[in-house]
Amino acid sequence: MTAGVEPDGVSEGLPKYWAFRITEALPLPYWQTCILYGVVYFLVLFSALWATGADFSQDIYIRGLILMPFLAAYITALGPAVSKSANRMIERLEYCIKPGAPVDRFRTESYTLKLSTFWIWTLIFQGVSLASQFAGMDRANPSEWVIFASRQFLFLHYTFYVFLFVKVLQITNFLDKWVDVSVYRTSDLNAVGRLGISLAFLVGFALAVVGAVQIMFDAPAGVLIMVIIMSTPGYFLVFFTLFRPTSVVRRKIYAAKAEERRRIAKAIDRDDELEVMGNDLGG
C-alpha cells in the first residue's frame, strides 16, 4: 500500500493526506494551525447556519457547532502528532536498531497511498457517510442541509484512518526488519508499548468526545446509529495501533528467550564455558 519516498520525504505521483497541506500552509506550529483551522471552520459553519435562519435553540445545530470544527481540527492535527510519536519511539530504540537501518527515511516518510487505494477509500467513506446521513437525519429546511453538507465535508477528514493504518504497518515492518531484541535489555523496547498507547489514545479521545457530546445533547437514535457506523474504523484502529506493533516485539522477545534457553542448555550439557550478561559462569 505504501510506495518509495524521495530523499526529501515527498513521494512523487502519490496522493498525500490532504489535510497535511493545511498544517504546511502557514509558518506556524502545526497545533496552532489546526486551532486556526477549527476556528475558521466554526465561523463558516455558523455563518451558513445563521444565513439560512437556523434556530440555535435546537440541539442539532449546537452539536454541529461543537463537534464538527473540533473534529476537523483534531483529525488534521493527528498526522503530525503521529509522526512525532513514531520519531520519539525510534530515538528510544537507539540501542536496539540494527546497523544500516533506514532511520532517516522512516522519520521523513510521508503518509502516502497508491492512487487507486486513495480513491477507493475516499469513495467508500463518502458513500457510507452519504447513506448513513440519508438514513439517520431529517433535511426539512435549508439549515439542516447545511449540517448535512458540513458533515459530508468533515467525513473527508476520515480518510486519515487509512493513512494511519498504513503508518502503523510501516512502523510494524520497521520493527520486524530492523530491531534486535536482547532478553537482558527488554526494557529498551518499552517505547513500542508507549507508542501503541499514545496512538490508541489519540484516536480513542476523539471517539469519546463525539459520543459524550451526542449523549449530552440527547441525539436521536438515527444520529447515534450514524455516528456508530462512521466511528467503526476508529474503534478498529484503537485496537490495531495498540496491539499490532507490540505483537511484533512480543514475538521477537519470545524467540530471543527460546534461543537463550537453548544456548544455556547446550553449554550445560557440554560442560562448556558459559557467559550470561557479561559474566563468565565457568564450565
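Residues numbered from 1 in each chain as written. Predicted model: local features only at pLDDT ≥ 70, side-chain atom pairs only at ≥ 80, totals over all residues. Heavy atoms only, no water.

Moving on, we get to the overall build of the chain. The secondary structure content of the chain amounts to 9 helices and 2 strands. Going from the N terminus to the C terminus, the chain shows its helices and strands as α-α-α-α-α-α-α-α-α-β-β. For the chain, with 283 residues in total, the buried portion stands at 47%. Across the chain, the fraction of contacts at a sequence separation of at least 24, relative to all contacts at a separation of at least 6, is 78%. (Helix = DSSP H or I, 4+ residues; strand = E, 2+ residues; numbered from the N terminus. Buried < 20%, exposed > 50% of the residue type's maximum accessible area, 1.4 Å probe, protein only. Contact = heavy atoms within 4.5 Å.)

Moving on, we come to the packing of aromatic side chains. Enumeration according to the criterion identifies 18 aromatic pairs in this entry. Pairing Tyr41 with Phe153 gives two aromatic rings, centres 5.8 Å apart and planes at 35°, and the pair type is tilted. Of the two residues, Tyr41 is situated in helix α2 (residues 30-51) and Phe153 in helix α6 (residues 142-156); the sequence distance between them amounts to 112 residues. You can call Phe153 partly exposed: its relative accessible area is 36%. Measuring from ring centre to ring centre gives 5.7 Å for Tyr74 and Phe205, while their planes differ by 45°; the resulting arrangement is tilted. Residue Tyr74 is located in helix α3 (residues 59-92), and its partner Phe205 is located in helix α8 (residues 190-216); the two are separated by 131 residues in the primary sequence. (Phe/Tyr/Trp six-rings, centres within 6.5 Å; stacked < 30°, edge-to-face > 60°.)

Let us now look at the side chain of Thr159. The topology assignment puts Thr159 in the loop between α6 and α7 (160-178). On the basis of relative accessibility, which here comes to 3%, the residue Thr159 falls in the buried class. Within the local environment of Thr159, its side chain forms a polar contact with the backbone oxygen of Leu156, the two atoms lying 2.9 Å apart. (Polar contact = N/O pair within 3.5 Å; in protein donor to acceptor, adjacent residues only side chain to side chain.)

What follows concerns a positive patch on the surface. There is a patch of like positive charges on the surface, built from Lys84, Arg88, Arg92 and Arg194. Top contributing element to the positive patch by residue count: α3, with 3 residues. Locating Arg92 in the fold gives a position in helix α3. (Patch = residues over 30% accessible without salt bridge, like charges linked within 9 Å, V, L, I, M, F, W, Y side chains within 5 Å. Areas by Shrake-Rupley, 256 points an atom, 1.4 Å probe, with all protein chains shown as cover. Salt bridge = Lys/Arg side-chain N within 4 Å of Asp/Glu carboxyl O. Lys, Arg positive; Asp, Glu negative; His and termini not counted. Charge placed at Lys NZ, Arg CZ, Asp CG, Glu CD.)

Counted under the stated rule, the structure contains 2 salt bridges. Of the charged contacts, one joins Arg251 and Asp176 as a salt bridge, the two residues approaching to 2.8 Å between their closest N and O atoms. One end of the pair, Arg251, is in helix α9 (residues 221-270); the other, Asp176, is in helix α7, with 75 residues separating them in the sequence. Residue classification places Arg251 among the partly exposed residues on the basis of a relative accessible area of 47%. We note a salt bridge from Arg262 to Glu259, for which the minimum N-O separation is 2.8 Å.

As a further point, take the confidence of the model for the chain. The pLDDT averaged across the chain works out to 82; a share of 87% of its residues lies at or above 70. Taken element by element, the chain is modelled with least confidence in strand β2 (residues 279-280), mean pLDDT 60, and with most confidence in α2, mean pLDDT 93. Contacts for the low-pLDDT stretch residues 1-12, under 50 throughout, to residues beyond four places or in other chains number 24 contacts. (pLDDT = per-residue confidence, 0-100.)

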